[in-house]
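# Examining the three-dimensional arrangement
Each chain, written out:
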Amino acid sequence: MEVELLEGTPSIAAAFATGIATGLRRPGARGELPRRRLVLTGVTQDVARLADFCEVTGGLVEDTVPATWLHVLTFPLQVRLMASRDFPFPMLGMVHVANQMRVHRPVRVDEELTLSSWADSLAPHRKGSTVDLVGEARVGDEVVWEGRSTYLVRGDSPPGTSAPEQEPGAAEQQAPDPAQDATTARQVALWRVPAGQGRAYARVAGDANPIHLSALSAKAFGFPRAIAHGMWTHARVLAALRRRLPERYAVSVTFAKPVLLPSVIVLRRLVSSGPGSYVVTNRDASRVHLSMQVTDLD
């Protein structure tokens, strides 16, 4: 795979503009993914921005950084890759449907990082295609964090492929029955999510997709109100569970129904599904917004 060494953090706004301007000329599922890895060296932590991120996502500024913060650091590389003319899909309309991360060890605030990102795993989906944007963080030669964001692109599937009957993670999206015993779906936390949550997260994460910013801009894309970023919900859950997380762990998340803003959402632990199984639902558990599995790497 070719390596493209970046001179600085890509501008997300410029990348969005390029991606939108060139979106109509993309080949879609008939095209090929770029065979390039974007690499950014010498990355140090912006502690003030990290503190704002922790405040928005319910975390604390500590000696080590949240796993979802490392996703935020690699996100500009992902956007730069998706905006490139050799990326086959238009950026507008891509939906983040799943996320996986592996924390190989805690990353300290004072450590200098090398970040990289590339595209991988173009696959059929019953609604079109999925593609993964992969991120990696290293300290020296040591891989300390890996992330994989799966995006759904509605439309055609890659030629010569057929969609699976059930998408990966679909079984995990089933809502727990609120009438079940409390030991089956135990409430861990309840959060009131304000109308401006999307704008607050966009300021610290850089993801200023219009569907998150206001009811007016979200309606242009078919949503009745603005919706929360899936990665905000992910970060909020991990912040709430930070004292329970192993030192080395893998976390897999499926994003289901969007969180309309404002909302009340509930974090529940699924005891019957084994350790590390969680869902985020609406108040009566009739809608699942996120399902998550945490695995101890040790």
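Criteria and cut-off values
- Residues numbered from 1 in each chain as written.
- Predicted model: local features only at pLDDT ≥ 70, side-chain atom pairs only at ≥ 80, totals over all residues.
- Heavy atoms only, no water.
- Pairing = 2+ DSSP bridges.
- Helix = DSSP H or I, 4+ residues; strand = E, 2+ residues; numbered from the N terminus.
- Axes fitted to C-alpha atoms, helices over the stretch in contact; angles between N-to-C directions.
- Contact = heavy atoms within 4.5 Å.
- Buried < 20%, exposed > 50% of the residue type's maximum accessible area, 1.4 Å probe, protein only.
- Phe/Tyr/Trp six-rings, centres within 6.5 Å; stacked < 30°, edge-to-face > 60°.
- Lys NZ or Arg CZ within 6 Å of the ring centre and 35° of its normal.
- Domains from an automatic or database assignment.
- Salt bridge = Lys/Arg side-chain N within 4 Å of Asp/Glu carboxyl O.
- Polar contact = N/O pair within 3.5 Å; in protein donor to acceptor, adjacent residues only side chain to side chain.
- Nonpolar A, V, L, I, M, F, W, Y, C, P; charged D, E, K, R; others polar.
- Parallel < 35°, antiparallel > 145°, perpendicular 65-115°, else oblique.
- Left-handed = near helix turned anticlockwise from the far one by under 90°.
- pLDDT = per-residue confidence, 0-100.
- Patch = residues over 30% accessible without salt bridge, like charges linked within 9 Å, V, L, I, M, F, W, Y side chains within 5 Å.
- Areas by Shrake-Rupley, 256 points an atom, 1.4 Å probe, with all protein chains shown as cover.

### Comments concerning the sheet that holds strand β11 (residues 288–296)
Pairing is mixed across the open sheet formed by eleven strands, whose spatial order is β1-β2-β4-β5-β6-β3-β8-β11-β10-β9-β7. Looking at strand neighbours, the two that pair on one side only are β1 (2–5) and β7 (185–193), the edges of this open sheet. Here the average twist between neighbouring strands, direction ignored, is 20°. Note: strand β3 (residues 95–103) against strand β6 (residues 142–154), eight bridges, orientation antiparallel. Note on β6: the bridge partner recorded for Q100 is R148. Against the sheet, helix α6 (residues 230–240) touches β3, β7, β8 (249–255), β9 (263–270), β10 (277–282) and β11, its axis set at about 140° to β8.

### Concerning helix α4 (residues 197–205)
In terms of residue burial, α4 counts as a mostly covered element, since seven of its nine residues are buried. Buried residues of α4: Q197, G198, A200, Y201, A202, V204 and A205, and no others. Those residues of α4 hidden inside the fold are in contact with α1 (12–21), α2 (47–57), α3 (67–83), β7 and α6. Two residues or fewer after α4 comes G206, characterised by a positive phi angle close to 85°.

### Some details on the packing of aromatic side chains
Under the defined criterion, the tally for this structure stands at three aromatic pairs. Geometrically, the ring pair formed by F53 and W69 is tilted, given 5.4 Å between the ring centres and 55° between the ring planes. With F53 in helix α2 and W69 in helix α3, the pair connects residues that are 16 residues apart, well separated along the chain. Comparing F53 with W69, the two get one shared label, buried. With a centroid separation of 6.1 Å and an interplanar angle of 70°, the aromatic rings of F87 and F89 are classed as edge-to-face. Aromatic rings pair up to connect F53, W69 and Y201 into one cluster. A cation over a ring is seen here: R37 above W118, with NZ or CZ 4.0 Å from the ring centre.

### Overview of the pairing of β3
By the bridge criterion, six bridges tie β3 to β8 in an arrangement that is antiparallel. Its bridge partner lying in β8, Q100 is registered against S252.

### Some remarks on the domain arrangement of the protein
According to the domain assignment, the protein consists of domain 1 (2–154) and domain 2 (178–296). Using C-alpha coordinates to define each centre, domain 1 is positioned 20 Å away from domain 2. On the side of domain 2, 27 residues touch domain 1, which itself brings 28 residues to the contact. With a closest N to O distance of 2.9 Å, R243 and E62 form a salt bridge. Between domain 1 and domain 2 we count eight residue pairs in polar contact (both at pLDDT 80 or more) in total. The set of elements that each furnish at least two residues to the side of domain 1 that touches domain 2 consists of α1, α2, α3 and β3. Of all the elements, β3 adds the most residues to the side of domain 1 that touches domain 2, at eight residues. Residue composition of the side of domain 1 that touches domain 2, grouped by class: 14 nonpolar, nine polar and five charged.

### Focus on the packing of α2 against α3
Packing of α2 against α3 brings their axes to within 11 Å, and their N-to-C directions diverge by 125°. As the angle between them shows, α2 and α3 are arranged oblique. Crossing angle aside, the handedness with which α2 passes α3 is right-handed. Listed contacts from α3 to R49, L50 and F53 of α2 are T68, W69, V72 and L73.

### Overview of unusual backbone geometry
With an omega of -5°, the peptide bond running from L261 to P262 counts as cis. If you check the backbone angles, S121 has positive phi at about 60° while not being a glycine. Residue S121 is classed as partly exposed on the basis of its relative accessible area of 35%.

### Things to note about the confidence of the model for the protein
Confidence along the protein averages 90 in pLDDT terms, with 91% of residues attaining 70 or more. Across residues 169–173, confidence stays below pLDDT 50; counting only partners more than four residues off in sequence or on other chains, it has ten contacts.

### Notes on a nonpolar patch on the surface
Judged by side-chain polarity, I20, L92 and F221 come together as a nonpolar surface patch covering roughly 280 Å² of accessible area. Take F221: it is sitting in the loop between α5 (215–219) and α6.

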